[in-house]
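Breakdown of the fold
Here are the chains, one letter per residue:
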Amino acid sequence: MSDTVRTRYAPSPTGFMHVGNLRTALYEYLVSKSQGGKFILRIEDTDQERKVEGAVDLIYRTLERAGLKHDEGPDVGGDFGPYVQSERLGMYLPYAEQLVKEGKAYYCFCSKERLQSLKDNDKFGTGYDRHCRDLPKEEVERLLASGAEYVIRQKMPLEGSTTFEDAVFGTITVENSELQDQILIKADGFPTYNFANVIDDHTMNITHVVRGCEYLSSTPKYNLLYEDFGWEIPTYIHLPLIMGKNEDGSVSKLSKRHGATSFEDLTNEGYLPEAIINYIALLGWCPEDNTEVFTLDELTKVFKISGISKSPAVFDYDKLEWFNGEYIKAMTVEQFAEVAKPYFEQVIKKPLDFVKIASILQKRTTKLTDIPEKVAFFEEQPKYDKELFVNKKSKTNLENSPVILKAAIEELEALSEWNFDSIHDCLIAFAEKQGIKNGTAMWPVRIAASGMTVTPGGAVEILDILGREESLKRLNAGLAKL
Ligand code: GLU
């Protein structure tokens, strides 16, 4: 086996990148990169019926946005190609025939009808009855020569047990009597998924197989194939289930009713790729200390297989939102303005300064999709009730608010320059002159400027962003209302 760690992400192009698939990709990446290895992308599309238009592009796009750069794959090439199973179809049959020759697999000529009737009468779940397993050699040759349709089945040991090691789940033993003589090559000559997977992992020199624990029950069959061929068995790393929280407090396998479950849907809901990756890294893996925020680069430095847990991980949308907020806070204001721009543009058509708006919004944003409703008032003031001027804490009411507002308008109108500092100094001096607290002076101004009691930024920022003309227009309209 290769000295270099080689992992592969082997998605089936279903047109959807579930959080669980993305976590598998991430852990494959981390297992390899934390050990200086190679990360390979292989497209498993032998099941042509499930093929979805554009699905492979979605895989490329997701990996790229998530920052998981593959070293080998259909688009970037490599020494072990082709990296798409449907382009490798010719490679599998000879391996199956080799097993037949060695008595480890056999031709099965059972008709569809026979198999169906077995299924119909299968009360004990014993599956295929191994009818063709011991056909006489001459009979097999006669049937082959007659052109009879066949599949190739793996000959499972009838006695004993199979034991394998999983890096996460430990030692697992199954009774061989529970294993079906599974099909390796289908009647159309194509390999089954289970067979192609093993041949590909071996011929691509894969050292670590990382996948969801739903594959644990298939692993003994894979293991027996490796043994049949006399190939070195890769390190198996099965990942814990990902659950979602139900309303009644219980958990069940993460699905759409819990919320967005695909990478695309999560980004559409306003989560940053970096935050998603960081959060997903912790869905089943724990660092040695209590650090939570990691860039992908940092993850590759601290990731250890021994930190993977077998207990189910619960996907917590609130926690993801917290991570998102942390990543937003860590941006420069210019970076944040850039990612927030499409959300600003949904509601703001006026030529306002997006960087300034971003600067007052950044600290309070945890989800990009919350941005439009927070900034829409810059474009158009909502209709508001004059009761908003009444505020206990600021000591404003319907009597003093018009007085304050009128005087503030006069001061602001006199300003020769309209910018944050000039507005700020003006309103502070105004409060002092009036002998009132800053808060008492600012409240009516902010209400009149925004029409809202909760705004990103205070009166000064809002007036600065709105500009002189719009600000004075709004303040005067507020005064008229009072
Ligand atoms: N093609 C399989 C899937 O998408 C991959 C299983 C594996 O990693 O072996 O689930």
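Everything quoted here is computed from the prediction, not taken from an experiment. (Residues numbered from 1 in each chain as written. Predicted model: local features only at pLDDT ≥ 70, side-chain atom pairs only at ≥ 80, totals over all residues. Heavy atoms only, no water.)

**Details of the sheet that holds strand β12 (residues 313-315)**
Taken in spatial order, the 3 strands of this open sheet run β11-β10-β12, and their pairing is mixed. The open sheet terminates on both sides in strands that have one partner only, identified here as β11 (251-253) and β12. Sheet twist, expressed as the mean angle between neighbouring strand axes with direction ignored, is 45 degrees. The pairing of strand β10 (residues 242-245) with β12 spans 3 bridges and is parallel. Pairing of G244 across the sheet is with F315, part of β12. (Pairing = 2+ DSSP bridges. Helix = DSSP H or I, 4+ residues; strand = E, 2+ residues; numbered from the N terminus. Axes fitted to C-alpha atoms, helices over the stretch in contact; angles between N-to-C directions.)

**Considerations on the layout of surface pockets**
Taken as a whole, the largest pocket holds about 840 Å³ of empty space. What lines the largest pocket is a set of 41 residues, among which S12, N21, T24, E214 and Y215 lie closest to the centre. In terms of residues, the lining of the largest pocket owes the most to one element, helix α1 (residues 19-33), which gives 5 residues. When its residues are assigned to classes, the lining of the largest pocket shows 18 nonpolar, 11 polar and 12 charged. Taken as a whole, the second largest pocket encloses approximately 560 Å³ of empty space. S111, K112, L115, R153 and I183 are, among the 22 residues lining the second largest pocket, the residues nearest its centre. Top element by residues in the lining of the second largest pocket is helix α4 (residues 112-120). It accounts for 5 residues. Here the lining of the second largest pocket is built from residues that sort into 10 nonpolar, 5 polar and 7 charged. (1 Å grid on protein atoms, 1.4 Å probe; cavity = no way out; pocket = protein on both sides within 12 Å on 5 of 7 lines; lining within 4 Å. Points joined across faces, edges and corners; volume = space filled by probe spheres on them. Nonpolar A, V, L, I, M, F, W, Y, C, P; charged D, E, K, R; others polar.)

**Some words on the packing of helix α17 (residues 438-450) against helix α19 (residues 468-481)**
Viewed as axis vectors pointing N to C, α17 and α19 meet at an angle of 105 degrees, and their least axial separation amounts to 8 Å. Relative to α19, α17 is oriented roughly perpendicular. Across the interface between the two elements, V445, A448, A449 and S450 of α17 pack against R474, L475 and G478 of α19. Residues that form the contact of α17 with α19 fall into these classes: 4 nonpolar, 2 polar and 1 charged. (Parallel < 35°, antiparallel > 145°, perpendicular 65-115°, else oblique. Contact = heavy atoms within 4.5 Å.)

**A word on the site of the ligand**
Close to the ligand lie R8, A10, P11, S12, E44, Y193, N197, R211 and Y215, which account for all nearby residues. Between the ligand and the protein, one listed contact pairs a nitrogen atom with a side-chain N or O atom of E44 at 2.7 Å. Interatomic distance of 2.8 Å between a side-chain N/O atom of R211 and an oxygen atom of the ligand. Isolated, the ligand exposes 290 Å² of accessible area, and the fraction of that covered by the protein chains is 87%. Mapping the ligand onto the cavity grids shows that it belongs to the largest pocket. Its residues assigned to classes, the shell around the ligand comprises 4 nonpolar, 2 polar and 3 charged. (Near = heavy atom within 4 Å. Polar contact = N/O pair within 3.5 Å; in protein donor to acceptor, adjacent residues only side chain to side chain. Areas by Shrake-Rupley, 256 points an atom, 1.4 Å probe, with all protein chains shown as cover. Sits in = over half its atoms within 2 Å of the grid points.)

**Things to note about the sheet that holds strand β7 (residues 183-185)**
Note: strands within a sheet are paired through backbone hydrogen bonds, in either parallel or antiparallel orientation. The 3 strands lie next to each other as β3-β4-β7, forming an open sheet whose pairing is antiparallel. Each of the sheet's edge strands pairs with one partner strand only, and the pair in question is β3 (105-108) and β7. The mean angle between the axes of side-by-side strands here comes to 40 degrees, regardless of whether they run parallel or antiparallel. Bridge count between strand β4 (residues 151-154) and β7: 2 bridges; the pairing is antiparallel.

**Some thoughts on the side chain of T24**
Looking at the secondary structure, you find T24 in helix α1. Apart from residues lying up to four places away in sequence, T24 is in contact with Y9, V210, R211, G212 and L239.

**Remarks on the nonpolar core**
In this structure, F195, F315, F378, L412 and L427 are the most contacted members of the largest nonpolar core, which totals 131 residues. Take this core: its biggest share by element is 8 residues, from α1. In this view, F315 contacts V19, I242, M243, K245, L254, L266, Y279, L283 and L320; residues no more than four positions away in its chain are not counted. (Core = buried A, V, L, I, M, F, W, Y, C linked by side-chain atoms within 4.5 Å. Buried < 20%, exposed > 50% of the residue type's maximum accessible area, 1.4 Å probe, protein only.)

**What about the packing of aromatic side chains?**
What the rule picks out here adds up to 20 aromatic pairs. Geometrically, the ring pair formed by F164 and Y236 is edge-to-face, given 5.8 Å between the ring centres and 80 degrees between the ring planes. Taken together, the residues F164 in strand β5 (residues 161-166) and Y236 in strand β9 (residues 235-239) connect sequence positions 72 residues apart. The residues F164 and Y236 share a single accessibility class, namely buried. Between Y193 and Y215, the ring centres sit 6.1 Å apart and the planes meet at 55 degrees, which makes this aromatic pair tilted. On the criterion of sequence distance, the pair formed by Y193 in helix α6 (residues 193-203) and Y215 in the loop between β8 (208-212) and α7 (219-229) is long-range, its members being 22 residues apart. (Phe/Tyr/Trp six-rings, centres within 6.5 Å; stacked < 30°, edge-to-face > 60°.)

**Overview of the side chain of N391**
By the secondary structure assignment, N391 is in the loop between α14 (371-379) and α15 (400-413). The exposure class of N391 is buried, given its relative accessible area of 17%. Of note is the side chain of N391, whose polar atom sits 3.3 Å from the backbone nitrogen of K393. Excluding residues that lie within four positions of it along the chain, N391 makes contacts with T396 and W443.

**A look at the pairing of β10**
Regular strands have side chains that alternate between both faces of the sheet. In this sheet, β11 lies alongside β10 in antiparallel orientation, the contact comprising 3 bridges. Residue pairing for β11: K245 is matched across the bridge by V251. Taken together, β10 and the strand that follows it, β11, pair antiparallel across an intervening segment of 5 residues, in which G249 is found at a positive phi of about 95 degrees.

**Let's talk about unusual backbone geometry**
Here G81 and P82 are connected by a cis peptide whose omega angle stands at -5 degrees. Inspection of the secondary structure assignment puts P82 in the loop between α2 (55-66) and α3 (92-101). Its identity as a non-glycine residue notwithstanding, N205 has a phi of 60 degrees, on the positive side. Position of N205 among the secondary structure elements: in the loop between α6 and β8.

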